[in-house]
Amino acid sequence: MKSDRPIGPVIENWTPPPAPEAGLVFDGRYARLVALDADAHAALLFRAFDGHDWVWDYMPVGPFASAAQFHRWMREATQSRDPLFFAIQNKETGDWGGFASYLRITPAAGSIETGFIALAPCLQQTRAATEAHFLMMQWAFDAGYRRYEWKCDALNRPSRRAAQRLGFSYEGIFRQATVVKGRNRDTAWFAVIDKDWPALAEAYRLWLDPGNFDADSRQHESLSDLTRLVRVADDPSLTG
């Protein structure tokens with residue numbers, strides 16, 4: 001019987017969004033993102049990452065033995081439109097402290113992922129780092145994407161905590177999803193969908209408001225508290 005075979009609802013008034021173009025610039029209060037460029041950013045980012053090889057533990061590349069090796073990798077990586085990389089500048093300090101990308105860009109499904117993220121210690125746990133994620137997410141939903149994904153090594157608890165803090169809902173573990181640097185990787189999946197976005201955007205705006213911070217830059221309200229009501233599922237590994 002037809003009633004035994006349900007199908008999804010028709011998506012009204014939606015057309016596939018555009019793929020992000022090279023040359024996009026995101027300019028916020030605390031962060032600025034521009035197209036990652038080896039000649040402009042490799043030396044600066046190598047210095048920011050130098051001595052912090054643990055940054056690369058869960059990445060498919062790195063650590064890099066020299067600035068020249070890092071430059072070569074970046075020159076090759078930035079030839080791609082998927083991943084599409086951005087360098088991240090902390091406008092409060094002027095430092096270039098990391099990069100992030102859009103990847104698995106699938107306009108026909110309205111799906112896009114943020115990933116291949118590497119933040120040096122100078123950028124971690126800053127307002128600029130949080131705003132960088134907000135700006136990338138904002139572009140995706142403004143462009144018409146329905147789904148914005150975050151995936152990470154299931155053993156990478158800092159990344160799982162970051163996803164949840166940023167308002168991504170936990171969706172499960174893909175076992176033996178891939179092999180990275182010769183090791184098994186189970187992958188944790190998180191996502192924000194378009195109906196989450198209005199409330200999540202307001203949470204970001206409240207958190208990023210200068211009035212949310214005291215004279216010593218300490219937050220009054222945490223982003224995790226502000227995004228809690230938006231998330232439809234929390235990561236069970238982060239409870240208790």
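On a predicted model such as this, the values are computed, not experimentally measured, just so you know. (Residues numbered from 1 in each chain as written. Predicted model: local features only at pLDDT ≥ 70, side-chain atom pairs only at ≥ 80, totals over all residues. Heavy atoms only, no water.)

**Overview of the pairing of strand β2 (residues 31-35)**
Right, on to step 1. The pairing of strand β1 (residues 26-27) with β2 spans 2 bridges and is classified as antiparallel. Across the sheet, the residue bridging to D27 is R32, located in β2.
Right, on to step 2. The loop that links β1 with its antiparallel partner β2 comprises 3 residues.
Right, on to step 3. Sheet topology note: the β2/strand β3 (residues 84-90) ladder contains 5 bridges and is antiparallel. The residue bridging R32 from the neighbouring strand is Q89, located in β3. (Pairing = 2+ DSSP bridges. Helix = DSSP H or I, 4+ residues; strand = E, 2+ residues; numbered from the N terminus.)

**Considerations on unusual backbone geometry**
Right, on to step 1. Here the amide bond leading from G62 into P63 is cis, since omega sits at -5°, within 30 degrees of zero.
Right, on to step 2. In this structure, P63 sits in the loop between α1 (38-49) and α2 (67-77).
Right, on to step 3. In the segment running from D82 into P83, the intervening peptide bond is cis, with an omega of 10°.
Right, on to step 4. Tracing the chain through its elements places P83 in the loop between α2 and β3.
Right, on to step 5. Within the chain, F116 stands out as a residue other than glycine whose phi angle is a positive 50°.
Right, on to step 6. Mapped onto the elements of the fold, F116 is located in strand β5 (residues 111-119).
Right, on to step 7. In this structure, Q176 takes a positive phi of about 45° despite not being glycine.
Right, on to step 8. Position of Q176 relative to the elements: it lies in strand β7 (residues 169-180).
Right, on to step 9. On the basis of relative accessible area, Q176 is assigned to the exposed category, the value being 65%. (Buried < 20%, exposed > 50% of the residue type's maximum accessible area, 1.4 Å probe, protein only.)

**Focus: the UniProt feature "domain: N-acetyltransferase" (unreviewed entry) in the protein**
Right, on to step 1. Under the UniProt annotation, the feature "domain: N-acetyltransferase" (unreviewed entry) is placed at residues 28-186.
Right, on to step 2. Spanning residues 28-186, this segment combines 31% helix with 35% strand, and its end C-alpha atoms are found 34 Å apart. (UniProt positions renumbered as here; feature names shortened; annotations may be inferred.)

**Considerations on the packing of aromatic side chains**
Right, on to step 1. Evaluated as defined, the whole model comprises 29 aromatic pairs.
Right, on to step 2. The interplanar angle of 15° and the centroid separation of 6.0 Å between the aromatic rings of F70 and W73 together place this pair among those described as stacked. Here F70 pairs with W73, and both are found in helix α2, just 3 residues apart, close to one helical turn.
Right, on to step 3. A relative accessible area of 1% means that F70 is categorised as buried.
Right, on to step 4. Taking the centre distance of 5.1 Å and the plane angle of 75° together, the rings of F85 and F116 count as edge-to-face. One end of the pair, F85, is in strand β3; the other, F116, is in strand β5, with 31 residues separating them in the sequence.
Right, on to step 5. Feature note: the residues F46, F49, W56, F64, F70, W73, F85, F99 and F116 constitute an aromatic cluster, connected by ring pairs.
Right, on to step 6. Sitting over the face of the ring of F213, R127 holds its NZ or CZ atom 4.3 Å from the ring centroid. (Phe/Tyr/Trp six-rings, centres within 6.5 Å; stacked < 30°, edge-to-face > 60°. Lys NZ or Arg CZ within 6 Å of the ring centre and 35° of its normal.)

**Notes on the nonpolar core**
Right, on to step 1. Core analysis: the biggest nonpolar cluster contains 46 residues, and F26, L33, Y102, M137, Y148 and F168 have the highest contact counts within it.
Right, on to step 2. Ranked by residue count, the leading element in this core is helix α3 (residues 127-143), at 10 residues.
Right, on to step 3. Leave out the neighbours within four places in its chain, and Y102 touches P20, F26, D82, P83, L84, F86, I112, E113, M136, W139, A140 and Y148.
Right, on to step 4. Core analysis: the next-biggest nonpolar cluster, separate from the first, contains 23 residues, F49, F85, W96 and F99 among them. (Core = buried A, V, L, I, M, F, W, Y, C linked by side-chain atoms within 4.5 Å. Contact = heavy atoms within 4.5 Å.)

**Examining the pattern of salt bridges**
As a working rule, side chains carrying opposite charge can pair if their charged atoms are close by.
Right, on to step 1. Throughout the structure, instances matching the rule amount to 13 salt bridges.
Right, on to step 2. A salt bridge links R127 to E92; its shortest N-O distance comes to 3.3 Å. Of the two residues, R127 is situated in helix α3 and E92 in the loop between β3 and β4 (96-106); the sequence distance between them amounts to 35 residues.
Right, on to step 3. Of the residues examined, R127 reaches a relative accessible area of 14% and is grouped as buried.
Right, on to step 4. The class for E92 is partly exposed, based on a relative accessible area of 47%.
Right, on to step 5. Among the ionic pairs, E171 bridges to R147, the shortest N-O distance being 2.6 Å. With E171 in strand β7 and R147 in strand β6 (residues 147-153), the pair connects residues that are 24 residues apart, well separated along the chain.
Right, on to step 6. When its relative accessible area of 43% is taken as the criterion, E171 is described as partly exposed.
Right, on to step 7. Through salt bridges with shared partners, a single network forms among R104, E113, R147, E149, K151 and E171. (Salt bridge = Lys/Arg side-chain N within 4 Å of Asp/Glu carboxyl O.)

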